[in-house]
Amino acid sequence: MIFTKQEIAHFAIDAAEKAGVPAPMVCSIIEVASQWNASLSEWEPSRWLLGQHPLDFRGGEEEYLALGTRWGLMQFTGEQLRTFEWKGKFSAELGEPQGNLEAGCFILKKIIDSGSKNVLTHYFGLERRRVADLAVKLIPTFERFVLERPAIERAPLAKSPTPVS
């Protein structure tokens, strides 16, 4: 299903609130990491992962590929999820907006709870520090956005047919 940027923004704010992380921070991550493109994914394995064999993983090649892929809106890697002991699946669901937001907010919550002073640098990694710096600069913009939280424009739902007795 294709969602509008406005719908994705609502999903992001809801996921952030559910996870107990700052919604403006989640929105700024999405802005710089994927520009709100939910279908974005990129194979970007770490050196550690490249030194492993796909069949050495419990989930085989699927898990191996998932660990080295940057996923969806929040562009985290499967390896980040593994580091923070994610209990969910390492599958294509990580690329779907709701699943991606849940997992990305999970990572963010773990980083915040660890007491890290540079949450976004920790989230993106030192090699992507410039991206983290840009995300930090965008947080005030998204603070206003979250406060104003525009309504979603939706077509009226069709009435469901009356069940036949």
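Above this text is the structure in question.
Residues numbered from 1 in each chain as written. Predicted model: local features only at pLDDT ≥ 70, side-chain atom pairs only at ≥ 80, totals over all residues. Heavy atoms only, no water.

> Please explain the sheet that holds strand β1 (residues 41–43) as it appears in this structure.
Across a sheet, paired strands are connected by hydrogen bonds in the backbone, their directions being either parallel or antiparallel. With antiparallel pairing, the three strands of this open sheet are ordered in space as β1-β2-β3. The two strands at the open ends of the sheet, each matched to only one other strand, are β1 and β3 (76–77). For β1 and strand β2 (residues 69–71), the ladder comprises three bridges, and the chain directions are antiparallel. Looking across to β2, one finds that W43 is bridged to T69. (Pairing = 2+ DSSP bridges. Helix = DSSP H or I, 4+ residues; strand = E, 2+ residues; numbered from the N terminus.)

> Explain the environment of F76 to me, please; I cannot follow it from the model alone.
Within the fold, F76 resides in strand β3. In this structure the C-alpha to C-alpha distance between F76 and Q6, which are 70 residues apart in sequence, comes to 22 Å.

> Sorry if this is basic, but what is going on with the packing of aromatic side chains here?
To describe a pair of aromatic rings, you give the distance between the ring centres and the angle between the ring planes. This model, assessed by the stated rule, comprises eight aromatic pairs. Measuring from ring centre to ring centre gives 5.0 Å for F3 and F11, while their planes differ by 85°; the resulting arrangement is edge-to-face. Taking the relative accessible area as the measure of exposure, F3 reaches 22% and is therefore partly exposed. Consider the rings of F57 and Y64, whose centres lie 5.8 Å apart with planes at 50°: the pair is tilted. (Phe/Tyr/Trp six-rings, centres within 6.5 Å; stacked < 30°, edge-to-face > 60°. Buried < 20%, exposed > 50% of the residue type's maximum accessible area, 1.4 Å probe, protein only.)

> How should I be thinking about helix α1 (residues 5–19) in this particular structure?
Every α-helical turn comprises 3.6 residues, leaving residues that sit three or four positions apart pointing alike. Taking 1.5 Å of rise per residue, 15 residues should cover 21 Å, and α1 covers 21 Å from first to last C-alpha, within 8% of that figure. Lining the buried residues of α1 we find α2 (23–33), α6 (97–113) and α8 (129–148). The first or second residue beyond α1 is G20, which carries a positive phi of 80°. (Expected span 1.5 Å × (residues − 1). Contact = heavy atoms within 4.5 Å.)

> Can you help me understand the environment of E31 in this one?
Considering the arrangement of structural elements, one finds E31 in helix α2. We classify E31 as partly exposed; its relative accessible area is 25%. In the structure, E31 is positioned 103 residues away from L134 in sequence and 9.6 Å away in space, judged by C-alpha atoms. Beyond its immediate stretch of four places on either side in the chain, E31 contacts K5, W36, L138 and F142. Of the polar contacts made by the side chain of E31, one reaches the side chain of W36; its length is 2.6 Å. (Polar contact = N/O pair within 3.5 Å; in protein donor to acceptor, adjacent residues only side chain to side chain.)

> Would you mind showing me how to read the state of the cysteines here?
Note on terminology: disulfide describes a covalent bond linking the sulfur atoms of two cysteines. Taken as a whole and judged by the stated rule, the model has zero disulfides. There is no disulfide at C27, and the cysteine sulfur nearest it, in C105, is 9.2 Å away. (Disulfide = S-S within 2.5 Å.)

> Would you mind showing me how to read the side chain of S34 here?
Within the secondary structure layout, S34 lies in the loop between α2 and β1. On the basis of relative accessibility, which here comes to 2%, the residue S34 falls in the buried class. Of the polar contacts made by the side chain of S34, one reaches the backbone oxygen of L73; its length is 2.7 Å. In this view, S34 contacts I29, L40, G72, L73 and Q75; residues no more than four positions away in its chain are not counted.

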